[in-house]
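What follows is each chain in one-letter form.
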Amino acid sequence: MIGAGHAPMTNLYESMVFFAWSIVLIYLIFEFQYKNRIIGAFVVPFAFLSMAYSLFLHSGIEPLIPALQSNWLISHVTTCFLAYAAFTVSCGTSIMYLIITKGTGGEKKKNNGLLSYFPEKMILEEIIYKSILAGFPLLTMGIMTGAIWANYAWGTYWSWDPKETWSLITWFIYAAFLHARITQGWRGKKTAVLSIIGFVAVIFTYLGVNLILSGLHSYL
């Protein structure tokens, strides 16, 4: 990609690979902090699926369209994908939380098979919160840099393009999560479910908009 003269994030193939590596990076940060590899069993598969899907995409290097020939490309895409990766960690951890809650009736038991290797519910809840707390400002920065880039490329900060709209919807979901957690004291299953809903919105923002809807971001 060095010979192409641009960062490897300008088409769907490149972005899927970048997304996978972003997930691995954010996961390793949390693994280093919490020293529990079982979390990777619920997070790393998302990186694997991203890489697997990229194998079916066109991987050729092509000249950039004018809209992508901007220094805002790296800042916008990097912040967005690091946010997506943090939300992936939150989603994987939320799935673990729901599994351990259903499988043990709310209390982890030492002799409960695979569940005995899961972190305590309080730890899982903490990871869900911290990963969203990390991802939310990154998503905010991604939207802001995207708006600046849009004004540079198309002469307007916001055009209600489908990806812009769904990015805003995703932002509101995670804003609601943080608001409910901080001011309303939401804990447990409700926050885990809201985290998963937010991740579904992330995936639709990233892939659903590209594959189903058309707009200014169709080339990504």
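Data block above holds the structure.
This write-up is about the structure you can find in this document. (Residues numbered from 1 in each chain as written. Predicted model: local features only at pLDDT ≥ 70, side-chain atom pairs only at ≥ 80, totals over all residues. Heavy atoms only, no water.)

Each α-helix turn comprises 3.6 residues. Residues three or four places apart therefore point the same way. For helix H2 (residues 40-54), which comprises 15 residues, the first-to-last C-alpha distance of 21 Å matches the rise-based estimate of 21 Å (1.5 Å per residue) to within 8%. Listed in full, the buried residues belonging to H2 are Gly40, Val43, Ala47, Ser50 and Ser54. Down the axis, H2 shows its buried residues gathered within 100 degrees of arc, on one side only. Seen from the open side of H2, the exposed residues pointing more than 90 degrees away from its buried face are Phe48 and Leu49. (Helix = DSSP H or I, 4+ residues; strand = E, 2+ residues; numbered from the N terminus. Expected span 1.5 Å × (residues − 1). Buried < 20%, exposed > 50% of the residue type's maximum accessible area, 1.4 Å probe, protein only. Arc of directions from axis to C-beta.)

Tallied over the full model, the rule gives 2 salt bridges. Two residues, Glu31 and Arg37, come together in a salt bridge whose shortest N-O distance is 3.9 Å. Across the pair Lys130 and Glu126 runs a salt bridge whose closest N-O atoms are separated by 3.2 Å. Placement of the pair is Lys130 and Glu126 together in helix H4 (residues 121-154), with a separation of 4 residues, close to one helical turn. On the accessibility criterion, Glu126 (28% relative accessible area) is partly exposed. (Salt bridge = Lys/Arg side-chain N within 4 Å of Asp/Glu carboxyl O.)

With that out of the way, let us pick up the packing of aromatic side chains. Considering all chains together, one arrives at 14 aromatic pairs under this definition. The interplanar angle of 85 degrees and the centroid separation of 6.4 Å between the aromatic rings of Phe19 and Tyr84 together place this pair among those described as edge-to-face. Of this pair, Phe19 sits in helix H1 (residues 12-34) while Tyr84 sits in helix H3 (residues 72-104), placing them 65 residues apart in sequence. Grouping residues by exposure puts Phe19 and Tyr84 together as buried. Through a chain of ring-to-ring contacts, the aromatic side chains of Phe18, Phe19, Phe81, Tyr84 and Tyr206 assemble into a single cluster. Just above the ring of Tyr129 sits the side chain of Arg181; from NZ or CZ to the centre is 4.3 Å. (Phe/Tyr/Trp six-rings, centres within 6.5 Å; stacked < 30°, edge-to-face > 60°. Lys NZ or Arg CZ within 6 Å of the ring centre and 35° of its normal.)

Nothing here speaks to function; it is geometry throughout.
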